[in-house]
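Here is how the chains run, residue by residue.
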Amino acid sequence: MNKHDGDTGKPLLELRNLSLSFHRQKQVAVDRVSLKIAAGNTLGLIGASGAGKSSIARAILRLIKPDSGEALFKGKNIFRMNPQELKSTRQRIQLVFQDPSASLSPGRTVEQTLLEPLQHFAIGDANYRQEKTLQILDTVGLDQSALRRYPHQFSSGQQQRIAIARALVTNPELLIADEAVSSLDVSIQSQILQLIQRLQKDFGITFLFISHDLAVIRQIADDVAVMYKGQLLEQSPADQFFSEPTHPYSKTLLAFATGKTPKSWQGDKWFLERNRRSAENSSTCVFAEFCPDKMPRCEQLEPAMLEIQHKNQHASGSHCVKCHLYDEVKTNEH
Amino acid sequence: MTTPALKVTDLSVWFETESGRIPVVDRISFTINAGDATGLVGESGCGKTMTAMAILGLLPASGVSVESAGIEVNGKDIFNLNARQTRAVLGRDIAMIFQQPATALDPVFTMGQQISAVYRRHAGGSKQHIREAMLDALESVGFSQAEDIADAYPHQLSGGMRQLAMIALATVCKPAVIIADEPTTALDNSTRTLILQQLERLRTLHKTAILFISHDLNVVRQICRDVIVMYCGRLVEKTDCPSLFIQARHPYSAGLLSCIPQISATRPTPISSIPGQVPVLTDLPPGCHFAPRCTRVEARCRKSVPELDDKNGSGAACFRPL
């Protein structure tokens, strides 16, 4: 596999005001989300279940149709691509799902599973494909004997390696991992995380890593984006996020993840309300109801996404936050 | 000495197959006192769930054999009961919280009906009394709108709420022992916090003994005092939680600990992992089952089986502990 390089630092993928809803339920799943992923970086997308994380992943690949907005892959809008352009883009963007036993076809051998993307995208000739499948197995740490076997003959960790191999076989530049390690044992999880880190180092693959587990995100993300009720509330370099989260919701998430109970905690009301979205969302801050730092204007006016400048700017991406607390304080002194 | 809430002595489980007996749980003994929580940890396939099912007498009668020198709840032996006797014990003296509430709950009954059924079976009483007990159980796990939850079918609740309703179902008769099998594994952090708080409340308020099964030591650490580490059906280390986190003595426990990603302000060093994987049960290595993956292995590890090294039945089962 060739290392993707040259453009490091430029956004490989940029979302602009992406909105998506499921009309039957009149449910807004993703609400005007803008974010950037720099080439060669890992963006960790976090938030509670139902925040809209997976909907974003599916929209990027046009598996579901967005209402509005743009998804620019290397500057080109995926939503306006013709079928040919879309096909070649899908070869460059691959997806790894949460449950490997459900995402691998039970009736296909590993070889058939790995050859299919190569055939679909008409990559190389028979010899190349044969060689490529062997090479990719080696990359993910499985041996050749795996080719003739079926998914059920593997453990869940090995199945996830096969799913990753299937995603890698087309030489993608962007890999979207949707809770790819969440269903695995801690010991297997750490093996898969090691594999992902190695892939990034060796091949320069850019990752959009979706997870609700902050400890996993800390392990592999360069930048962190936080979603709540379909909206992006903060995007920040990981070091900044984990040492000094800015948005009150980010603070809440981090408190939960480290086993503390945040002050905004309201027991079962949290469950009942946290995924309920009303049509009038746009006139308030979505987190106002549970926010420990709520001010009167939070329920009157939706905050704008503001970029926060740091004196000692972290090496990776910019830091944006959508909260009235930072309306005036645009420069954060360190 | 007080009678422990749960006392398991030399519990073994085998799968009976055409090619012979396969050991799934191998001579496990432990006790949990009232008001204590013990964590049972290990990778998938180590026998954690089989241990729980064997304690509850929920394993099928054919294909599996269970042996034990006694499983006691508050001094009463519940091992080798017939089906009718088992039904009388489950839910009243000992109850289980399953990993997947979506599949463990009955989709065609409301939560209220399901919880009432348990209470009617074991405690009985007037309709009014049963309804009060049911609402009480829902309120006690933190639902402020207990009536709404009682009228809801499982599919109308989110994953976290379903798990809470499941806890209400398990605790409506205030059993002495609760076995929680990976109750927080599929849940996000905020939901997990709520579930753990409720289990903690049961433990302190009703002195319920909890056997908490999980592969996540971070969670076990939050609610358990003692911890049991299992590998391939055997108990490899038994100690209290703080000691395990300060100095795990069995190389397998140490390996599990090193796999846990940590949240820190500075970027963590690359995560480590235990090499290899859990062997298949039909092909267990002789001697210590962990020997092929162990970094401290020596010749005798591959021949004989180490026992727990403390006289009181705790410690590490290892010839070369850390």
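This structure is a prediction, so every number in the text was calculated from the model and none was measured. (Residues numbered from 1 in each chain as written. Chains lettered and ligands numbered in written order. Predicted model: local features only at pLDDT ≥ 70, side-chain atom pairs only at ≥ 80, totals over all residues.)

1. Topic: the overall build of chain A
Link 1 in the chain: Helices and strands together make up the secondary structure of chain A, namely 11 helices and 14 strands.
Link 2 in the chain: Of all 334 residues assigned to chain A, the portion counted as buried reaches 47%.
Link 3 in the chain: Considering only intrachain contacts with a sequence separation of at least 6, the fraction spanning at least 24 residues in chain A is 67%. (Helix = DSSP H or I, 4+ residues; strand = E, 2+ residues; numbered from the N terminus. Buried ≥ 20, exposed ≤ 12 C-beta atoms within 10 Å, placed from the backbone. Contact = placed C-beta atoms within 7 Å.)

2. A few points about the overall build of chain B
Link 1 in the chain: Counting secondary structure elements, chain B contains 11 helices and 12 strands.
Link 2 in the chain: Relative to the 2.2 N^0.38 estimate, which gives 20 Å for 322 residues, the radius of gyration of chain B is 20 Å and therefore close to what a compact globule would have.
Link 3 in the chain: Across its three principal axes, chain B shows a C-alpha extent of roughly 65 × 55 × 45 Å.
Link 4 in the chain: Burial analysis of chain B (322 residues in total) assigns 46% to the buried set.
Link 5 in the chain: Of the contacts made within chain B by residues no fewer than 6 positions apart, 64% connect residues no fewer than 24 positions apart. (Rg over C-alpha atoms; globule rule 2.2 N^0.38 Å.)

3. Details of the pairing of strand 6 (residues 93-96) of chain A
All names here are of chain A.
Link 1 in the chain: With burial as the criterion, each face of strand 6 is covered, one bearing I93 and L95 and the other bearing Q94 and V96.
Link 2 in the chain: As defined by bridge partners, strand 6 adjoins strand 7 (residues 174-178) across 4 bridges and the pair is classed as parallel. Counterpart to V96 in the pairing with strand 7 is A177. (Pairing = 2+ DSSP bridges.)

4. Focus: the sheet that holds strand 4 (residues 68-73) of chain A
All names here are of chain A.
Link 1 in the chain: With antiparallel pairing, 4 strands are arranged side by side in an open sheet as 2-1-4-5. Only two strands of the sheet have a single partner each, and these edge strands are strand 2 (27-38) and strand 5 (76-77).
Link 2 in the chain: In this sheet, strand 2 lies alongside strand 1 (residues 11-22) in antiparallel orientation, the contact comprising 8 bridges. What sits directly across from L15, in strand 2, is L35.

5. Some remarks on the interface of chain B and chain A
Link 1 in the chain: If you look at the interface, chain B gives 33 residues, while chain A gives 32 residues.
Link 2 in the chain: Of all the elements in the fold, those that place two or more residues in the side of chain B that touches chain A are helix 7 (159-171) and helix 8 (189-205) of chain B.
Link 3 in the chain: Looking at which element gives the most residues to the side of chain B that touches chain A, the answer is helix 8 of chain B, with 4 residues.
Link 4 in the chain: For the side of chain B that touches chain A, a count of residues per class yields 13 nonpolar, 16 polar and 4 charged. (Nonpolar A, V, L, I, M, F, W, Y, C, P; charged D, E, K, R; others polar.)

6. Quick look at the nonpolar core
Link 1 in the chain: In this structure, L208 and F209 of chain A together with A168 and F212 of chain B are the most contacted members of the largest nonpolar core, which totals 181 residues.
Link 2 in the chain: For this core, the element with the most residues is helix 7 of chain B, which contributes 8 residues.
Link 3 in the chain: Viewed by domain, this core spans two of them, domain 1 (11-221) and domain 2 (244-332) of chain A, each represented by three or more residues. (Core = buried A, V, L, I, M, F, W, Y, C linked by C-beta atoms within 7 Å. Domains from an automatic or database assignment.)

7. Concerning the packing of helix 4 (residues 110-120) of chain A against helix 6 (residues 156-168) of chain A
Between two packed helices, what matters for the description is the angle formed by their axes and the separation of those axes.
Residues and elements named next belong to chain A.
Link 1 in the chain: Close contact between helix 4 and helix 6 brings their axes to 8 Å; oriented N to C, the two are set at 25°. With respect to helix 6, the element helix 4 is oriented roughly parallel. Crossing handedness for the pair helix 4 and helix 6: right-handed. From helix 4, V110, T113, L114 and P117 reach across to helix 6, where they touch I162, A165 and R166.
Link 2 in the chain: Along the lines of polarity and charge, the residues of the contact of helix 4 with helix 6 split into 5 nonpolar, 1 polar and 1 charged. (Axes fitted to C-alpha atoms, helices over the stretch in contact; angles between N-to-C directions. Parallel < 35°, antiparallel > 145°, perpendicular 65-115°, else oblique. Left-handed = near helix turned anticlockwise from the far one by under 90°.)

8. A few points about helix 1 (residues 53-60) of chain A
Residues and elements named next belong to chain A.
Link 1 in the chain: With 7 of 8 residues buried, helix 1 is to be regarded as a mostly interior element.
Link 2 in the chain: Among the residues of helix 1, those classed as buried are K53, S54, S55, I56, A57, A59 and I60.
Link 3 in the chain: Of the residues flanking the end of helix 1, it is R62, one or two places downstream, whose phi is positive at about 55°.

9. With respect to the environment of F241 of chain A
All names here are of chain A.
Link 1 in the chain: By the element assignment, F241 lies in helix 9 (residues 238-243).
Link 2 in the chain: With 29 C-beta atoms packed within 10 Å, F241 lands in the buried category.
Link 3 in the chain: Placed 40 residues apart in sequence, F241 and K201 show a C-alpha to C-alpha distance of 23 Å.
Link 4 in the chain: Excluding anything up to four places from it in sequence, F241 contacts V224, S236 and S250.

10. So, the sheet that holds strand 11 (residues 234-240) of chain B
Residue and element names in this part refer to chain B.
Link 1 in the chain: If you trace the 7 strands from one edge of the open sheet to the other, you get 7-8-9-3-10-11-12, paired in mixed fashion. Strands at the two margins of the open sheet, each flanked by one partner only, are strand 7 (94-97) and strand 12 (315-316).
Link 2 in the chain: Of the pairings in the sheet, the one linking strand 11 to strand 12 comprises 2 bridges and is antiparallel in character. Each bridged residue has a counterpart across the sheet, and for K238 the counterpart in strand 12 is G315.

11. Points about helix 4 (residues 111-122) of chain B
Residues and elements named next belong to chain B.
Link 1 in the chain: Here helix 4 spans 17 Å end to end across 12 residues, near enough to the 16 Å set by a 1.5 Å rise per residue.
Link 2 in the chain: The set of residues buried in helix 4 consists of M111, G112, Q114, I115, S116, V118 and Y119.
Link 3 in the chain: Looking at the packing, one finds that the buried side of helix 4 touches helix 5 (127-140), helix 6 (146-150) and helix 7.
Link 4 in the chain: Taken from the residues just after helix 4, G124 is the one with a positive phi, measuring 70°. (Expected span 1.5 Å × (residues − 1).)

12. Here's the deal with the confidence of the model for chain B
Link 1 in the chain: With 99% of its residues at a pLDDT of 70 or more, chain B shows a mean pLDDT of 90.
Link 2 in the chain: Here the prediction assigns the complex a pTM of 0.83, and the interface score ipTM is 0.76. (pLDDT = per-residue confidence, 0-100.)

13. Considerations on unusual backbone geometry
Link 1 in the chain: Here the phi dihedral of E179 of chain A falls at roughly 55°; this positive angle occurs in a residue that is not glycine.
Link 2 in the chain: By the secondary structure assignment, E179 of chain A is in the loop between strand 7 and helix 7 (186-203).
Link 3 in the chain: Judged by the 20 C-beta atoms lying within 10 Å of it, E179 of chain A is buried.
Link 4 in the chain: Of note, K174 of chain B is a non-glycine position whose phi angle comes to about 50°, a positive value.
Link 5 in the chain: Structurally, K174 of chain B is set in the loop between helix 7 and strand 8 (177-181).

14. Concerning the environment of I162 of chain A
Residue and element names in this part refer to chain A.
Link 1 in the chain: For I162, the location among the structural elements is in helix 6.
Link 2 in the chain: Judged by C-beta crowding, with 23 C-beta atoms within 10 Å, I162 ranks as buried.
Link 3 in the chain: Between the C-alpha atom of I162 and that of L104, which follows or precedes it by 58 residues, the distance is 8.3 Å.
Link 4 in the chain: What I162 contacts, discounting residues up to four positions off in sequence, is P100, L104, V110, T113, P151 and F154.

15. Some points on the confidence of the model for chain A
Link 1 in the chain: Overall, the prediction assigns chain A a mean pLDDT of 85, with 86% of residues at 70 or greater.
Link 2 in the chain: The low-confidence segment residues 330-334 of chain A (pLDDT under 50) makes 10 contacts with residues lying over four places distant or belonging to another chain.

16. Some points on the packing of helix 7 of chain B against helix 8 of chain B
All names here are of chain B.
Link 1 in the chain: Interhelical geometry of helix 7 versus helix 8 gives an angle of 15° and a closest axis separation of 9 Å. As far as their axial angle goes, helix 8 and helix 7 are roughly parallel. Our pair here, helix 7 against helix 8, has a crossing hand that is right-handed. For the pair helix 7 and helix 8, contact is made by G160, Q163, L164, I167 and T171 and by T191, L194, I195, Q198 and L202, respectively.

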